[in-house]
Amino acid sequence: MGENKKDNFVKEIKYMIPMIAIALVIVAFDQWTKAMIRAKLATIGVSEVIKGFFEFSYSENTGAAFGSFQGKNAIFIIVGIIAIGFIFYIFKSLNRSTWMRISFGLILGGALGNLIDRIAFGFVIDFIRIRVTPSIWWPNFNIADAGITVGAIMFAVYKLIDSYRISKSEEE
């Protein structure tokens, strides 16, 4: 490998370190919370944290978001692996801002956390449950899901602000 290619490779790795570090923190916290939930709630099911509003409720999800597409675990393992590859591919071509590193780190960590569950158990462990209205509970989710959601929102906000900046500069 030539010196220039080697320098570029080292720069790319250094650029990815914050994203990978954030992803590893999300994976570790996600897997730790799921292990605690398996140990404590798998047999009893529910533990109220804030009565009537927030609880830990053990569930095994073989599907996707909101429990859709149940029983398609093998497909979601393949999709998860492809998504992780896609995250790295897209990440390399995007703006090198701290905001993007954080958002992609959260998304990557969430994807890895749920992929680990699918491979290890054949399902994703969901356990966080929040009441939305007096009669409606939000579907169970986990730390990995939260990482994906927050990361995706951060990415969308960044892209909206970026497109606004571009359109403003083109007007001038």
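It should be noted that the structure appears before, not after, this text.
Quick caveat: nothing in here was measured; it's all calculated off a predicted structure. As a convention, each chain's residues are numbered from 1 in the sequence order in which they are written. Residue-level local features of this predicted model are given only where pLDDT is at least 70; pairs of side-chain atoms are given and counted only at 80 or more, and the full residue set underlies all totals for whole chains, interfaces and linings. Derived side-chain values reflect all non-hydrogen atoms in the structure, with water molecules and hydrogen atoms excluded from consideration.

1. Details of the environment of Ile 128
Selection criterion: Helix and strand assignments follow DSSP, with helices taken as H or I runs no shorter than four residues and strands as E runs no shorter than two, numbered in order from the N terminus. Buried, partly exposed and exposed residues are distinguished by accessible area as a fraction of the type maximum, computed with a 1.4 Å probe on protein chains only: under 20%, between the cut-offs, and over 50%, respectively. Whether two residues touch is decided by their heavy atoms; if any such pair falls within 4.5 Å, the residues are in contact.
Position of Ile 128 among the secondary structure elements: in strand β3 (residues 124-133). Residue class for Ile 128 comes out buried when judged on its relative accessible area of 9%. With 11 residues separating them in the primary sequence, Ile 128 and Pro 139 have C-alpha atoms 8.4 Å apart. Residue contacts for Ile 128: discarding those within four places in its chain leaves Phe 54, Glu 55, Phe 56, Pro 139, Asn 140, Phe 141, Asn 142 and Ile 143.

2. Details of the packing of helix α2 (residues 73-93) against helix α3 (residues 98-121)
Cut-off, in case you're wondering: Axes, fitted as lines to C-alpha atoms, cover a helix only where it is in contact. Angles between the N-to-C directions of the axes lie from 0 to 180 degrees. For classification, angles of less than 35 degrees are called roughly parallel, those exceeding 145 degrees roughly antiparallel, those between 65 and 115 degrees roughly perpendicular, and all remaining angles oblique. Throughout, a crossing is termed right-handed when the near helix is turned clockwise from the far one, and left-handed when it is turned anticlockwise from it by less than a right angle. Just so you know the grouping, Ala, Val, Leu, Ile, Met, Phe, Trp, Tyr, Cys and Pro go in nonpolar, Asp, Glu, Lys and Arg go in charged, and all remaining residues, Gly too, go in polar.
Contact geometry for α2 and α3: axes closest at 10 Å, N-to-C directions at 160 degrees. One way to sum up the angle between α2 and α3 is to call them roughly antiparallel. Crossing of α2 against α3: the hand is left-handed. Two secondary-structure elements touch here, α2 through Asn 73, Phe 76, Ile 77, Gly 80, Ile 81, Ile 84, Ile 87, Phe 88, Ile 90 and Phe 91 and α3 through Met 100, Arg 101, Phe 104, Ile 107, Leu 108, Ala 111, Leu 112, Leu 115, Arg 118 and Ile 119. Within the contact of α2 with α3, the residues separate by chemical class into 16 nonpolar, 2 polar and 2 charged.

3. Observations concerning a nonpolar patch on the surface
Under the convention used in this document: A residue counts toward a patch only above 30% relative accessible area and without a salt bridge, and it is joined to like-charged neighbours within 9 Å or, for Val, Leu, Ile, Met, Phe, Trp and Tyr, to nonpolar neighbours within 5 Å. Where accessible areas are quoted, they stem from the Shrake-Rupley method and a 1.4 Å probe; at the residue level, only the protein chains shown are allowed to cover. Should a side-chain nitrogen of Lys or Arg be within 4 Å of a carboxyl oxygen of Asp or Glu, the pair is scored as a salt bridge.
Together, Phe 9, Val 10, Ile 13 and Ile 17 make up an exposed nonpolar region whose accessible area comes to about 360 Å². Among the secondary structure elements, Val 10 is positioned in helix α1 (residues 3-41). Residue class for Val 10 comes out partly exposed when judged on its relative accessible area of 36%.

4. Topic: the side chain of Ser 103
Relative to the elements of secondary structure, Ser 103 occurs in helix α3. Sequence-distant contacts of Ser 103, that is, excluding residues within four places in its chain, are made with Gly 151, Met 154 and Phe 155.

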